[in-house]
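Now for the letters of each chain:
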Amino acid sequence: MPIQVERGLFKVDFFDHHAILGVGIDAEVKEIRKRYLKIARLLHPDSLLQASDAEKQQANEFLSKLVNPAYKKLSDEKERTEYAALLRLMGQKVSRKGEFGDLGEPAQQLMKASDYEAAYLAAVNQLADTLYTSMDKVVDTIGTISELNLAYLIRKHGGGASSTAKPAASTSTTSLKSTAPATSAPTSASASAPSSTTGFTQRLSPAEQCYKRAEGYLKAENQAKAILELRDAIKMEPNNAKCHSMLGTIYLSQNQITMARIHFNKALEIEPHNEEALKGKKQLDKVAAGKATAASPKSAPKSAPPNKGGGLFGGLFGGGNKKK
């Protein structure tokens, strides 16, 4: 049967690998591996001798469909770096919108905690101790941890600081979304920059932030990091023409003609008058025309000896040698 978690980051269409392993968002690789090995032992058939066949099957599904893929993602350096970038962008996006939906009691308490970082780690560690010890509670526990992860990201990126200024809500049925208007109260988190009508600090969109960082990397002549930033932006906002056109320009400078054409075409599909993409397409057409001219037999001089030279340059130099 499909395993579905519909709380926390999962609810905003983000697959929360940290919640699946029961580790904090900022956990190091060593801690992630330690947690994975503990879970793998808990879900191993030798540890489930007293379990029913249905529980053993469920444990195998948790291990193969959730735990192993999560560990693979977070243990690989490249995968973890890309995932961390997406997680950062998601945190900024959710925090900027100020719409968090309904959160359970642990996440609501975290939203109001003065030392939210310590409270977050304590709550996650407490839940992690019981994760995968009871098969029928796994999905619920993962959901609770993911809500804590969402609340932590909101606080980390400034979106939840204003929630501490509103009257405390003690019941678990209270929705953070329903209390959003109270966030207009001034807070220390929003004092450093002009605030929007919802009380949150004005920020660029996640894609725009990536675009700005990519511009900085290009000025520093670091195209590799610029490409990573733009890819992250496109994952978050696939129809961002500026990011596609900049990617096309970078690929064109690297002579990756196919990739350049793909991104220029996508940019123009989204924004037909995008200047950078139009300019890039013209350059691509010139490159293609130059290659066609160089490859055409008609480009060889008619006076060239039929069996000498081998192409345009061979014909020219071959003709010169004949005169000598």
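Located above this text is the structure these notes cover.
In this text, all values refer to a predicted model and were calculated from it rather than measured experimentally.

Caption draft 1: Quick peek at the overall build of the protein chain. A count of helices and strands for the protein chain gives 13 helices and 0 strands. In the protein chain, which comprises 324 residues, the proportion classed as buried is 40%. Here the protein chain displays about 18,300 Å² of accessible surface, and carbon together with sulfur accounts for 54% of that area.

Caption draft 2: Seen up close, the packing of helix α5 (residues 105-112) against helix α7 (residues 138-156). Two elements in contact, α5 and α7, have axes whose closest approach is 8 Å; the angle formed by their N-to-C orientations is 15°. With respect to α7, the element α5 is oriented roughly parallel. As α5 runs across α7, the sense of the crossing is right-handed. Touching P106, A107, L110, M111 and K112 of α5 are T144, E147, L148, A151, Y152, I154 and R155, all from α7.

Caption draft 3: Representation of the state of the cysteines within the structure. Considering all chains together, one arrives at 0 disulfides under this definition. Of the cysteine sulfurs around C243, a residue in no disulfide, the closest is that of C210, at 7.1 Å. The class of C243 is buried, set by a relative accessible area of 0%.

Caption draft 4: Molecular detail of a positive patch on the surface. Taken together, the side chains of K30, K34, K38 and R41 make up a positively charged region of the molecular surface. Checked against the element boundaries, K34 lands in helix α2 (residues 29-43). Residue classification places K34 among the exposed residues on the basis of a relative accessible area of 65%.

Scoring rules and cut-offs
Residues numbered from 1 in each chain as written. Predicted model: local features only at pLDDT ≥ 70, side-chain atom pairs only at ≥ 80, totals over all residues. Heavy atoms only, no water. Helix = DSSP H or I, 4+ residues; strand = E, 2+ residues; numbered from the N terminus. Buried < 20%, exposed > 50% of the residue type's maximum accessible area, 1.4 Å probe, protein only. Areas by Shrake-Rupley, 256 points an atom, 1.4 Å probe, with all protein chains shown as cover. Axes fitted to C-alpha atoms, helices over the stretch in contact; angles between N-to-C directions. Parallel < 35°, antiparallel > 145°, perpendicular 65-115°, else oblique. Left-handed = near helix turned anticlockwise from the far one by under 90°. Contact = heavy atoms within 4.5 Å. Disulfide = S-S within 2.5 Å. Patch = residues over 30% accessible without salt bridge, like charges linked within 9 Å, V, L, I, M, F, W, Y side chains within 5 Å. Salt bridge = Lys/Arg side-chain N within 4 Å of Asp/Glu carboxyl O. Lys, Arg positive; Asp, Glu negative; His and termini not counted. Charge placed at Lys NZ, Arg CZ, Asp CG, Glu CD.

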